[in-house]
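As a plain string of letters, each chain reads:
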Amino acid sequence: MTDQVTAAQSDTPEIPGKPTAASRTTLSHIMTHSDTNLLGTVHGGVIMKLVDDAAGAVAGRHSGGPAVTASMDEMVFLEPVRVGDLVHVKAQVNWTGRTSMEVGVRVLAERWNESAPPTQVGSAYLVFAAVDADGKPRRVPPVVPETERDKRRNQEAQIRRTHRLARRRAIKELREKRVAEGYED
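Residues numbered from 1 in each chain as written. Predicted model: local features only at pLDDT ≥ 70, side-chain atom pairs only at ≥ 80, totals over all residues. Heavy atoms only, no water.

## Section: the pairing of strand S4 (residues 85-96)
Point 1. Counting buried residues in S4 gives 10 out of 12 residues, a clear majority hidden from the surface.
Point 2. Judged from the six bridges that link them, strand S2 (residues 25-30) and S4 form a sheet pairing that is antiparallel. Bridge pairing in S4 links Thr26 to Lys90.
Point 3. The sheet contact formed by S4 and strand S5 (residues 100-111) spans 11 bridges and is antiparallel. Note on S5: the bridge partner recorded for Trp95 is Glu102.
Point 4. Linkage of S4 to S5, two consecutive antiparallel strands, is achieved through a turn of three residues. (Buried < 20%, exposed > 50% of the residue type's maximum accessible area, 1.4 Å probe, protein only. Helix = DSSP H or I, 4+ residues; strand = E, 2+ residues; numbered from the N terminus. Pairing = 2+ DSSP bridges.)

## Thoughts on the environment of Val87
Point 1. Among the structural elements, Val87 can be located in strand S4.
Point 2. The sequence separation of Val87 and Trp112 amounts to 25 residues, and the corresponding C-alpha distance is 9.0 Å.

## Re the sheet that holds S5
Point 1. With antiparallel pairing, five strands are arranged side by side in an open sheet as S2-S4-S5-S6-S3. Taken across any chain shown, the strands that pair with only one partner, and hence form the sheet edges, are S2 and strand S3 (67-77). Strand-to-strand twist in this sheet, taken as the mean axis angle between neighbours without regard to direction, amounts to 25°.
Point 2. Where S3 lies against strand S6 (residues 119-130), eight bridges are found, and the strand directions are antiparallel. By the bridge assignment, Ser71 is partnered in S6 with Val127.
Point 3. Where helix H2 (residues 44-63) meets the sheet, its contacts fall on S2, S3, S4, S5 and S6, and the angle it forms with S3 comes to roughly 135°.
Point 4. Most of the contacts of helix H3 (residues 148-180) go to S4, to which it runs at about 75°, and overall it touches S3, S4, S5 and S6. (Axes fitted to C-alpha atoms, helices over the stretch in contact; angles between N-to-C directions. Contact = heavy atoms within 4.5 Å.)

## Structural notes on the pattern of salt bridges
Point 1. Under the defined criterion, the tally for this structure stands at 10 salt bridges.
Point 2. Between Asp85 and Arg82 there is a salt bridge, with its nearest N and O atoms 4.0 Å apart.
Point 3. Measuring nitrogen to oxygen at the nearest pair gives 2.8 Å for the salt bridge that ties Arg160 to Glu102. Here the residue Arg160 occupies a position in helix H3, and Glu102 occupies one in strand S5, the gap between them amounting to 58 residues. (Salt bridge = Lys/Arg side-chain N within 4 Å of Asp/Glu carboxyl O.)

## Notes on the packing of aromatic side chains
The relation between two aromatic rings is expressed through the spacing of the ring centres and the mutual angle of the planes.
Point 1. Here the structure, examined in full by the defined rule, presents zero aromatic pairs.
Point 2. The side chain of Arg160 reaches across the aromatic face of Tyr125, ending 3.5 Å from its centre.
Point 3. In this arrangement the basic side chain of Arg178 is found over the ring face of Tyr183, its NZ or CZ atom lying 4.5 Å from the centre. (Phe/Tyr/Trp six-rings, centres within 6.5 Å; stacked < 30°, edge-to-face > 60°. Lys NZ or Arg CZ within 6 Å of the ring centre and 35° of its normal.)

## So, H2
Point 1. Across its 20 residues, H2 extends 28 Å between first and last C-alpha, which sits within 8% of the 28 Å expected from 1.5 Å per residue.
Point 2. Burial in H2 covers these residues: Ile47, Leu50, Val51, Ala54, Ala55, Val58, Ala59, Gly60, His62 and Ser63.
Point 3. Positive backbone phi, approximately 75°, marks Gly64, located one or two places after H2. (Expected span 1.5 Å × (residues − 1).)

## Details of the confidence of the model for the protein
Point 1. Summary statistics for the protein give a mean pLDDT of 92 and a share of 93% for residues scoring 70 or more.
Point 2. Scored below 50 in pLDDT, residues 1-9 makes 27 contacts in the model with residues more than four places away or belonging to other chains. (pLDDT = per-residue confidence, 0-100.)

Here is the structure:
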């Protein structure tokens, strides 16, 4: 679904780019007992929802309208999050295609009642597709990296995109080969 453009869309003029900072955001949330898993730490799914929420806000802001989660890559949990931690989810658009965007997310945690600096506890990369009112893909503005860090993130995002497409292609080819050999999956 991502990056498919209809003939009418391809005839539209170029959309002006937006700087990375235009849609960058931070979502903060204090963790409570209702967020815990059976081990007494914050459930990974709670963190993943916060990541998706922050990334979705960034994708919608950047694209100027609705955007849906197409994939989540490399969700990494570095440290456990505890009840009473103030979690900050920082997100920004790293790369844009015609209708899709990669959003990078860093998850930080700090004790709610301490003045120590936050610790990075996780990170993720999500791909969002911008959609119109009918759920069809729509064009997004290019992202304009502003800093050297933004430029590096943009380049890394292009590498991840290449790997996603290659993986998808290899799996499709394997499945087609298995069907041709008579295997039913």
